[in-house]
Amino acid sequence: MDAVHIANAMTVPAPAPASASAAVPRATYRHGDLRRALLDAGLELARQGGPGAVVLREATRRAGVAPNAAYRHFASRQHLLDAVRAAAVAAMAVFMEEELARVPEDAPPAERAYGRVRAVGRGYLRFAQSETGLFRMAFGQPFTVDREPDPDKGGGSGLNPFEHLGAALDDLVAAGALPAARRPGAEYLAWSTVHGMAFLAIDGPLRGAPEALRDVLAQRLLDMVERGL
């Protein structure tokens, strides 16, 4: 699910929409403020139009500084894209953590482990639907699973989406609900299934379908993933 090596505790700030007029320049920035302002502007651009909308010059305009000021923090548009993508992945991790928090702690181990797998999937699908621009930012272009997880991609717990899925699958093995021999690669099987549904809902035949229908299909999909594991 990246369903996935591959915010309330760590909510990505949403800057106020910029007006059509030029942004008002700020007189001074405390150390680090400009980078944060540019990143916030990039996130809002991604929310509105996905990765193609993240343009360094527009980010500087929204931050209220001259274009050259950005290069102190982002040497190129790609550097800004990378930072915005990391923040988008972290935002998805927070959606998953919100779902994971609803899994009863006192449930039997196997039931709790399955509940965690389903929670990760629900968070993935809800993020794709609620934050489509950021979802495209995170997974709409080629990406890889980090060999060494980037802390900027972690949610409030520090885990990124892929790590949340892996931890849930490990819990299944520990609870005796998933044979250890079937554990390797299980992340990719679950991820590909939920990822496909996410794109059907935002770009495919389920785009514009009633929310109730999407919810029913999502639950059936998660049932299928659970049985398939």
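What comes next is a walk through the structure.

1. Notes on the overall build of the protein
No. 1: Looking only at helices and strands, the protein features eight helices and zero strands.
No. 2: Going from the N terminus to the C terminus, the protein shows its helices and strands as α-α-α-α-α-α-α-α.
No. 3: For the protein, the proportion of its 229 residues judged to be buried stands at 45%.
No. 4: For the protein, the exposed area adds up to about 11,500 Å²; of that, 55% sits on carbon and sulfur atoms.

2. Some remarks on the layout of surface pockets
No. 1: When its volume is computed, the largest pocket comes out at roughly 340 Å³.
No. 2: Lining of the largest pocket is provided by 17 residues; of these, L125, R126, R214, D215 and A218 occupy positions nearest its centre.
No. 3: Elements that contribute at least two residues to the lining of the largest pocket include exactly α4 (109-130), α7 (186-202) and α8 (211-228).
No. 4: Taken together, the residues that form the lining of the largest pocket break down as nine nonpolar, two polar and six charged.

3. Concerning the side chain of E187
No. 1: Structurally, E187 is set in helix α7.
No. 2: Overall, E187 belongs to the buried group, its relative accessible area being 11%.
No. 3: At 2.8 Å, the side chain of E187 and the side chain of R183 are in polar contact.

4. Comments concerning the pattern of salt bridges
No. 1: Scanning the entire structure with this criterion turns up 17 salt bridges.
No. 2: Between D170 and R183 there is a salt bridge, and its shortest N-O distance comes to 2.8 Å. Of this pair, D170 sits in helix α6 (residues 161-174) while R183 sits in the loop between α6 and α7; the two residues are 13 residues apart in sequence, bridging distant segments of the chain.
No. 3: Ionic contacts of the salt-bridge type, sharing partners, join the residues E98, E99, R102, R122 and R126 into one network.

Each value, and the rule that gives it
- Residues numbered from 1 in each chain as written.
- Predicted model: local features only at pLDDT ≥ 70, side-chain atom pairs only at ≥ 80, totals over all residues.
- Heavy atoms only, no water.
- Helix = DSSP H or I, 4+ residues; strand = E, 2+ residues; numbered from the N terminus.
- Buried < 20%, exposed > 50% of the residue type's maximum accessible area, 1.4 Å probe, protein only.
- Areas by Shrake-Rupley, 256 points an atom, 1.4 Å probe, with all protein chains shown as cover.
- 1 Å grid on protein atoms, 1.4 Å probe; cavity = no way out; pocket = protein on both sides within 12 Å on 5 of 7 lines; lining within 4 Å.
- Points joined across faces, edges and corners; volume = space filled by probe spheres on them.
- Nonpolar A, V, L, I, M, F, W, Y, C, P; charged D, E, K, R; others polar.
- Polar contact = N/O pair within 3.5 Å; in protein donor to acceptor, adjacent residues only side chain to side chain.
- Salt bridge = Lys/Arg side-chain N within 4 Å of Asp/Glu carboxyl O.

Functional significance is not addressed by these values, which are geometric in nature.
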